[in-house]
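One-letter residues, chain by chain:
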Amino acid sequence: MKNITLVLAALVLCLNGCVSELTPVVYPTVDYETVISTTTPLTLEQRAQMNGIYIMQEGRSTFGDTVAVRWDGEAMSIYTVKSVSFFYVRGGMRTDSARFVGYWRAVQGPETGEVSLGILASEGGKELAEGKGNGVGLTLRGTITSPGSSRPNTLVLKKIKALANRTRGFEIIGHRGGGRNSDRLGKSENSIELMLFASQLGATACEIDVYGTSDGVPVVFHDPTFTPRTVQGAYLLGDISNYSLRQIRGFVRLVNGEQLPTLEEALMEVVDKSTIRTIWLDNKDSRVVDEILAIHQRVMDHAASKKRTIRILFGIPTTEIYDAYMKSPLKGTAPVLCELDQASVRASNAAVWAPRFTDGLQSDVVAQMHKEGRDVYCWTMDDPGFILRFLTEGDFDGFCTNYPTLLAALFYTRKDLK
Amino acid sequence: MKCMLLVLAFCASVPCVLKAADSTVVAPPVVQKTAIEISVAGGPQRTFFREPTTPLTDERQFSGMSVMGKLMWHPDHILSVGLLSGYTTFSTESFTKDDIPVLNEPFTLTLEAVPLQLALSMQSGGFEVGVGLGGYLLSSTITGGDAVRQANTIFEIGISTQVSYLFFIGETFSVGPEVNIHLLSNRGIVAISPCLRAKWEFVRY
Amino acid sequence: MRALGLVTIIIVLCTPLRTLAQPSDTVNFEHYVFTAHPLDGGDGVFSMGAALTILPQPLTEYPTPAPMVDLHWRLGLPLQTSIYGRAGSNIATTLANMGLMWSFSFGRASVGVGVSEMYMYGNITYVDGFNTVQHRWATYPMVAASWSFPAFTVSGRFEVEYMTSQVRTIADQTVTTAQDQVNGGSLTLAIEQPFWKNTHVSMGVTLNYSRNPYQAWFLFNTFRDKMFYPELFVGFML
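Because the structure is predicted, anything quoted here is derived from the model rather than measured. (Residues numbered from 1 in each chain as written. Chains lettered and ligands numbered in written order. Predicted model: local features only at pLDDT ≥ 70, side-chain atom pairs only at ≥ 80, totals over all residues. Heavy atoms only, no water.)

Trainee: Please set out the overall build of chain C residue by residue, giving values where relevant.
Mentor: Helix and strand counts for chain C come out as two helices and ten strands. Reading the secondary structure of chain C in the N-to-C direction produces α-β-α-β-β-β-β-β-β-β-β-β. Here chain C holds 238 residues, and the buried ones make up 56% of them. Considering only contacts in chain C between residues 6 or more positions apart, those separated by 24 or more positions represent 55%. Surface exposure of chain C reaches about 9600 Å², of which carbon and sulfur atoms provide 68%. (Helix = DSSP H or I, 4+ residues; strand = E, 2+ residues; numbered from the N terminus. Buried < 20%, exposed > 50% of the residue type's maximum accessible area, 1.4 Å probe, protein only. Contact = heavy atoms within 4.5 Å. Areas by Shrake-Rupley, 256 points an atom, 1.4 Å probe, with all protein chains shown as cover.)

Encoded structure:
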């Protein structure tokens, strides 16, 4: 009898001990230097020539029929709908051919592997070296390694046309700086490191969350409280507003070991070191509204001094933030993104209205907002079925997503965008 | 960790060993009536953290103490239900000002918990296995720095397990060894405490 | 921590194993809900209680309890068969499940096999900003085993969830998000026993290992990883 009671107790114990953790992602170590030191970096024109929609001639079973290839800075990314994967590769030209190395990652699972790609002279390399043509027909050929596969798999991609776009423009907005901690990107959500990587994931914009410390410093952090989901360190419990910036810097790190950034540090870094063109500040602490607006001014002055074009949107997600903003002496100094009702959008003269996607397409309201000169961003779109529907049947100017890779793949390869 | 598991194994073995080796042991009385029982268990504790507790060190194991109390309603079969609470210290650490350059002041950090749990237990003879379902009031105290003493408390989901063997001393009072395990899986905390437990059936009807 | 749980199980399983072999002259064949012991034709048993799922942190950001009113029933049919079912609701999620089981006993042990079909309806249109509804159909092949002791019965039930359809609607947009796929499996361990006078109780845990459990449908899970969703339950036999 007693053994049975013990078994039950032990199972309950086990039950708590086995609480779910996603499979850790072990990224491959890639030797970029060897390739970079033996190649010539591509010019901006050559990168533009490579950007486009490619058909998968080999590798279709893993990555689907068509993928998007897009250069950002020194790295080239590939975005796939099937497997929801991104490739991060670096390299350059070798006379009339090209060579790239890097890694790929399926962001909805733990799969990752090494990538080695090249362009032969006879498959578009010569035209690329000479800067001739639009790149159609250019072929990327190489191998990838995959978990569970002892031999590298062949990958062949051929460019068929330019990336799809949208007349009004479209923002691919990376949630929490580009993805959540549970997406296992190797960089913590809302960290500077992730914001600087977001464009490689496919993002053109970042949504970041802002709270205030006990000494009134706006910091970039998603939750109102410290939990093991977001930080390492056992002693800071409860609200982030309980602790000074000094205590936070002393006793916790973000889950991947980064320092928790102040808002000003984060924005300055993004202005200086990334190609992100829009930042959505999801403000969550009405105590620091004035300070956030002051930081906005300082960062925009800094961006202007660097001739950097960037739009930093002051987010209004709640009535508390709305009230604080409307009372602020700095009201009107920053473009506003309002998630509230239409009346609040107009009263705050918001540049952007941001409804939740679970409210549906709301086509009439979106059209009205467009007439009034406002953009409409929808959040938070992660399901490919709904992203496709909203892209093709809706008329939104941007989606916030945990998977900028998926949204980029769907957006750039779609045919029937409005 | 291994030592604690050995202690656990030892305690789980007690009834079998007694049965096999000592036939003179008098079997404890079987509860026939409904009883209300109160019990207290206390002892040293070893706590294991999944991650280092601060960015300053790689420390993950701490010694502390644990005191648990249970108030149980035990109807006329083997299952009893009640409430579990108590107090336990998971960790205490002190740092000099040289340890934390960003703060440049000495600090003492403490993590304590008060379980607030629904308790279920099943008992057969002197053997008893229980689980506590609910959570812990988890409290951290920072002494030093910006605030002379700063305490913050949260509620954290958690579970506890108790395995004990009690020897009756008289009709209503019993004592014996117990192993108490606390699990706060979201926090990555496991604490194991070999205890001495005393139980009193103060109402029978 | 996982290792600790497993080692603990091994220890407690192995240490008092000798008592398992001890014969018992009185075996408890009470009619319970989770036991695989066959019911006589026409005999029925019904339990009413609650279930509590802990939604996992990767999905909910923080381990979140999701409670549900939980009803289980079983009705004996000829030829050692029985129909069994479950109904549950927490308003956001409502489900009904019914299946057929064939079982047999030998001594204290009983073994059964069965299959059930579940319909799940999710609706959170009453929550501001969530104009969202879901319908799901799933099939559950199952094997069950139980062991009757004088004072209680322990039962285990292993089920595989085969999701035949999952359709989500947001406002006027309806999307089929999953179809004909193995969504995961679960192991239910229940102990059923008398509690107070003639009131019997079933309690236990279902260890779900699933990609997309019904309790979390409104979270729009996108991970391909299967996750662990423990579900505690307690029910009183009526």
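Trainee: Report on unusual backbone geometry, specifying residues and quantitative values.
Mentor: At the junction of A:Trp379 and A:Thr380, the peptide bond is cis and its omega measures out at -15 degrees in the coordinates. Of note, A:Thr380 is situated in the loop between β20 (375-378) and α13 (384-393). Phi at C:Gln80 takes a positive value of approximately 55 degrees, unusual for a residue other than glycine. By secondary structure assignment, the location of C:Gln80 is in the loop between β2 (64-77) and β3 (81-89).

Trainee: Tell me about the interface of chain A and chain B, and please be specific about residues and values.
Mentor: Across the contact, 30 residues belong to chain A and 46 residues belong to chain B. Interface of chain A and chain B: buried area, both sides summed, is about 3300 Å²; carbon and sulfur atoms make up 66% of it. Taken together, the links from chain A to chain B amount to one salt bridge. In this structure, A:Arg246 engages B:Glu105 in a salt bridge whose closest nitrogen and oxygen atoms are separated by 2.8 Å. Counting the contacts that link chain A with chain B gives nine residue pairs in polar contact (both at pLDDT 80 or more). Among the elements of the structure, α1 (2-17) and α7 (245-251) of chain A are those that each provide at least two residues to the side of chain A that touches chain B. (Buried area = accessible area lost by both parts, 1.4 Å probe. Salt bridge = Lys/Arg side-chain N within 4 Å of Asp/Glu carboxyl O. Polar contact = N/O pair within 3.5 Å; in protein donor to acceptor, adjacent residues only side chain to side chain.)

Trainee: Provide a residue-level description of the side chain of A:Glu258, including the pertinent values.
Mentor: Residue and element names in this part refer to chain A. Among the secondary structure elements, Glu-258 is positioned in the loop between β15 (253-254) and α8 (263-273). Within polar-contact distance, the side chain of Glu-258 engages the side chain of Ser-188 at 2.5 Å. Not counting residues within four places of it along the chain, the set of residues in contact with Glu-258 comprises Gly-186, Lys-187, Ser-188, Ser-191, Glu-193 and Arg-253.

Trainee: Give a description of the packing of α13(A) against helix α14 (residues 404-413) of chain A that names residues and reports values.
Mentor: Residues and elements named next belong to chain A. Viewed as axis vectors pointing N to C, α13 and α14 meet at an angle of 40 degrees, and their least axial separation amounts to 10 Å. Taken as axis vectors, α13 and α14 run oblique relative to one another. Along this stretch, α13 crosses α14, giving a crossing that reads as right-handed. Of α14, the residues touching α13 (which contributes Pro-384, Ile-387, Leu-388 and Leu-391) are Leu-406, Leu-407, Leu-410 and Phe-411. (Axes fitted to C-alpha atoms, helices over the stretch in contact; angles between N-to-C directions. Parallel < 35°, antiparallel > 145°, perpendicular 65-115°, else oblique. Left-handed = near helix turned anticlockwise from the far one by under 90°.)

Trainee: Any details on the confidence of the model for chain B? Residues and values, ideally.
Mentor: Of the residues in chain B, 82% have a pLDDT of 70 or more, and the chain-wide mean is 82. The low-confidence segment residues 1-31 of chain B (pLDDT under 50) makes 42 contacts with residues lying over four places distant or belonging to another chain. (pLDDT = per-residue confidence, 0-100.)

Trainee: Give me the packing of aromatic side chains: which residues, what numbers.
Mentor: Residues and elements named next belong to chain A. Inspection of the entire model under this criterion finds 33 aromatic pairs over all chains. Each member of the aromatic cluster is reached from another via a ring pair, and the members are Phe-170, Phe-357, Phe-386, Phe-390, Phe-396, Phe-399, Phe-411 and Tyr-412. One residue, Arg-90, lies across the ring of Tyr-32, its end atom 6.0 Å from the ring centre. (Phe/Tyr/Trp six-rings, centres within 6.5 Å; stacked < 30°, edge-to-face > 60°. Lys NZ or Arg CZ within 6 Å of the ring centre and 35° of its normal.)

Trainee: Now, about the pairing of strand β9 (residues 171-174) of chain A: what can you tell me, with residues and values included?
Mentor: Residues and elements named next belong to chain A. Judged by which residues are buried, β9 turns out to be covered on both faces: Glu-171 and Ile-173 on one side and Ile-172 and Gly-174 on the other are all buried. In terms of strand pairing, β9 meets strand β21 (residues 398-401) through four bridges, oriented parallel. From the neighbouring strand, Ile-172 faces β21, where its bridge partner is Phe-399. Two elements, β9 and strand β10 (residues 205-212), share two bridges in a ladder whose sense is parallel. Paired with Gly-174 across the bridge in β10 is Cys-206. (Pairing = 2+ DSSP bridges.)

Trainee: Let's hear about the pattern of salt bridges: which residues, and what values?
Mentor: Side-chain pairs of opposite charge can arise whenever the charged atoms involved come near each other. Inspection of the entire model under this criterion finds 43 salt bridges over all chains. Note that A:Lys132 is salt-bridged to A:Glu130, the shortest N-O span being 3.3 Å. With a relative accessible area of 41%, A:Glu130 lands in the partly exposed category. A salt bridge links B:Glu201 to B:Arg204; its shortest N-O distance comes to 2.6 Å. Taking the relative accessible area as the measure of exposure, B:Glu201 reaches 3% and is therefore buried. Its relative accessible area of 37% is what places B:Arg204 among the partly exposed residues. Overlapping salt bridges bring together A:Arg166, A:Arg168, A:Arg311, A:Asp375, A:Asp395 and A:Asp397 as one network.

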